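# Close look at the chain arrangement
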Amino acid sequence: MTVAAAGEFGLISRVTARLGAESPYVLLGPGDDAALVATPDRRVVASTDVLVEGRHFRRDWSSARDIGHRAAAANLADIAAMGGRPTALLVALCAPANLQISWAEELADGLAAEAAKTGAIVVGGDTSASPTLTIAVTALGDLEGREPVVRTGAQPGDIVAVAGRIGHAAAGYTILSRGFRSPKLLVEAFRRPEVPYHLGPLAARLGATSMIDISDGLLADLGHIATASDVGIDVRRDAFTVPAQMRDAATALGVDPYGWILAGGDDHALAATFPADTELAAEWLVVGSVLPAGPFTAGGGVTVDGRRYTGGAPGWDHFR
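To start, this report covers the structure provided alongside it. As a convention, each chain's residues are numbered from 1 in the sequence order in which they are written. Two thresholds apply to this predicted model, a pLDDT of at least 70 for residue-level local features and 80 or more for giving and counting side-chain atom pairs, whereas whole-chain, interface and lining totals are computed over all residues. In computing side-chain properties, one takes all heavy atoms of the structure into account and sets aside hydrogens as well as water.

### Remarks on helix H8 (residues 218–229)
Note the following rule: To qualify as a helix, a DSSP run of H or I must reach at least 4 residues; to qualify as a strand, a run of E must reach at least 2; elements of each kind are numbered from the N terminus. The span one expects for a helix is its residue count, reduced by one, times 1.5 Å. Each residue gets one of three labels from its accessible area relative to the maximum for its type: buried under 20%, exposed over 50%, partly exposed in between, using a 1.4 Å probe on protein chains only. Throughout, a residue-residue contact means that at least one pair of heavy atoms, one from each residue, lies within 4.5 Å.
With twelve residues, H8 should reach 16 Å at 1.5 Å per residue; the first-to-last C-alpha distance of 16 Å fits that figure. Along H8, nine of the twelve residues are buried, which leaves the element largely enclosed by surrounding structure. For H8, the elements touching its buried residues are strand S7 (159–163), strand S8 (210–214), strand S9 (231–235), helix H10 (257–263), strand S10 (269–274) and strand S12 (301–304). Looking one or two places after H8, you find Asp230, whose phi comes out positive at around 55 degrees.

### Concerning helix H4 (residues 101–116)
With 16 residues, H4 ought to run about 22 Å at 1.5 Å a step, and its terminal C-alpha atoms sit 23 Å apart, in line with that. Most of H4 is tucked away: twelve of the 16 residues are buried. Within the sequence span of H4, burial applies to Ile101, Trp103, Ala104, Glu105, Leu107, Ala108, Asp109, Gly110, Leu111, Ala112, Glu114 and Ala115. On its buried face, H4 sits against helix H1 (3–6), helix H2 (8–16), helix H3 (64–81), strand S4 (85–95), strand S5 (121–129) and strand S6 (134–142).

### Some remarks on the environment of Leu291
Topologically, Leu291 is positioned in strand S11 (residues 284–292). Once the C-alpha coordinates of Leu291 and Pro193 are considered, the two residues, 98 residues apart in sequence, prove to be 31 Å apart. Discounting residues that sit within four places of it in the chain, Leu291 has contacts with Pro156, Val231, Gly232 and Asp234.

### A look at the nonpolar core
Just so we agree on the cut-off: Definition of nonpolar core: a set of buried residues of the types Ala, Val, Leu, Ile, Met, Phe, Trp, Tyr and Cys, connected through side-chain atoms within 4.5 Å.
The biggest cluster of nonpolar side chains holds 39 residues, and the ones touching the most others in it are Leu218, Leu222, Ile233, Val235 and Phe240. Examining the composition of this core, we find that five residues originate from one element, H8, more than from any other. In this view, Leu218 contacts Val162, Ile166, Val235, Phe240, Ile261, Leu262, Gly264 and Ala271; residues no more than four positions away in its chain are not counted. Counting residues in each nonpolar core, the second largest holds 38 residues, with Ile101, Leu107, Leu133 and Val137 among its members.

### Considering the environment of Val149
On the secondary structure map, Val149 appears in the loop between S6 and S7. On a C-alpha basis, the gap between Val149 and Ala80 in space is 9.5 Å, while along the polypeptide they are 69 residues apart. Residues in contact with Val149, not counting those within four places in the same chain, are Ala81, Met82, Gly83, Ala204, Ala208, Thr209, Ser210 and Met211.

### Some details on the layout of surface pockets
Basically, it comes down to this: Both site types are read off a 1 Å grid over the protein atoms alone. A 1.4 Å probe that fits but cannot get out defines a cavity, while an open set with protein on both sides within 12 Å along at least five of seven lines defines a pocket; lining residues have an atom within 4 Å of a point. Grid points are joined across faces, edges and corners, and a volume is the space filled by probe spheres set on the points. Three residue categories are used. Nonpolar comprises Ala, Val, Leu, Ile, Met, Phe, Trp, Tyr, Cys and Pro, charged comprises Asp, Glu, Lys and Arg, and polar comprises the others, including Gly.
When its volume is computed, the second largest pocket comes out at roughly 470 Å³. Around the second largest pocket, the lining is made up of 27 residues, and of these Ile12, Thr16, Gly124, Gly125 and Asp126 lie nearest the centre. Of all the elements in the fold, those that place two or more residues in the lining of the second largest pocket are H2, S4, H4 and S5. Here the lining of the second largest pocket gets six residues from one element, more than from any other, and that element is S5. Residue classes in the lining of the second largest pocket are distributed as 17 nonpolar, six polar and four charged.

### As for the packing of aromatic side chains
Two aromatic rings, taken as a pair, are described by how far apart their centres are and by the angle between their planes. Spelled out, the test is: By convention, a stacked pair of Phe, Tyr or Trp rings (six-membered ring in the case of Trp) has centres within 6.5 Å and planes under 30 degrees apart, an edge-to-face pair has planes over 60 apart, and any other such pair is tilted.
With the rule as written, the count across this model stands at four aromatic pairs. Centroid distance Trp61 to Tyr173: 5.7 Å. Interplanar angle 75 degrees. Geometry classified as edge-to-face. Of this pair, Trp61 sits in the loop between strand S3 (45–52) and H3 while Tyr173 sits in helix H5 (residues 168–177), and the two are 112 residues apart along the sequence. Considering the side-chain rings of Phe274 and Trp284, the 5.2 Å spacing of their centres and the 80 degrees angle between planes classify their relative orientation as edge-to-face. Within this pair, whereas Phe274 is found in strand S10, its partner Trp284 is found in strand S11, the two being separated by ten residues in sequence. Of the two residues, Phe274 and Trp284, neither departs from the other in class, the shared state being buried.

### Side note on the packing of H3 against H4
To keep things clear, this is the line we draw: Axes here mean lines fitted to C-alpha atoms, for a helix over just the part in contact, with angles spanning 0 to 180 degrees between N-to-C directions. Any angle that falls under 35 degrees is termed roughly parallel, while one over 145 is termed roughly antiparallel, one within 65 to 115 roughly perpendicular, and all others oblique. Handedness of a crossing is defined here by the sense of rotation of the near helix relative to the far one, left-handed for an anticlockwise turn of less than a right angle and right-handed for a clockwise turn.
Put simply, H3 and H4 touch, their axes get as near as 7 Å, and they point 40 degrees apart. For the element pair H3 / H4, the angle class is oblique. The hand of the H3/H4 crossing is right-handed. The segment H3 lies against H4, with Ala64, Arg65, Ile67, Gly68, His69, Ala71, Ala72, Ala73 and Leu76 engaging Trp103, Glu106, Leu107, Asp109, Gly110, Leu111, Ala113, Glu114 and Ala115.

Structure representation (structure tokens):
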């Protein structure tokens, strides 16, 4: 059955029936003009992302459930990167009339499953007909009484640390782009990010001075912190160990695996700066340091081993 055959409200009914979790933050879920979400902190962390078919995903590369996981993760990671705990998702689906309704149902399953990892649930959204399949997700979160961890707080002398997989999704994208489907570890990393959501609030408790999720590439995203904080950041290439499957894939494809690690996005790992004496949990890998703005970093910038990065673009830019 297509979404056109089911009709707008039939589609909504079938999708919302699959969301079925409960949350102490959600006082009123799908079914009314708007949802009602509790804000114990009296502040709401909010973020939104759009996924467009052909630009962010391909249905021949990923299942509907995979795409649901990715769409949710891109937004939930933003909440975690502010030091917040995700509470709710709002989802808008714009779909061709001939889309199979089973695809939309599986998308809802993926969204709900990814949100459940954080304790959040999907509380509502919208649908529309569109020639281009598009998924827009808005995430809401709670700071639990803490101050948000923003991009402007990095200080010279801080350490730079990363938590979560890095370079895996970019490697998976390259592999799929070349027409291959293995190694499975890397391809699955592109299809479904593994985000260390819990480490965002924990980083805030540890006194992180700035934080960001790695959606566009480590160097590009650290560049946002450097610019906002008016500092330099230097990353050590030798801080990273190239996993065996990534090294083998890079050799087979004739690419430098450090390009994936330093400039690849979509893993949604967390990158943060901390005072140098911070005792970090084992999940955090120290990869660099914050410096005063200098010749290479005037107004904010990122270097690798003290030099400008020459391996290509430092990350993804939608309009490049």
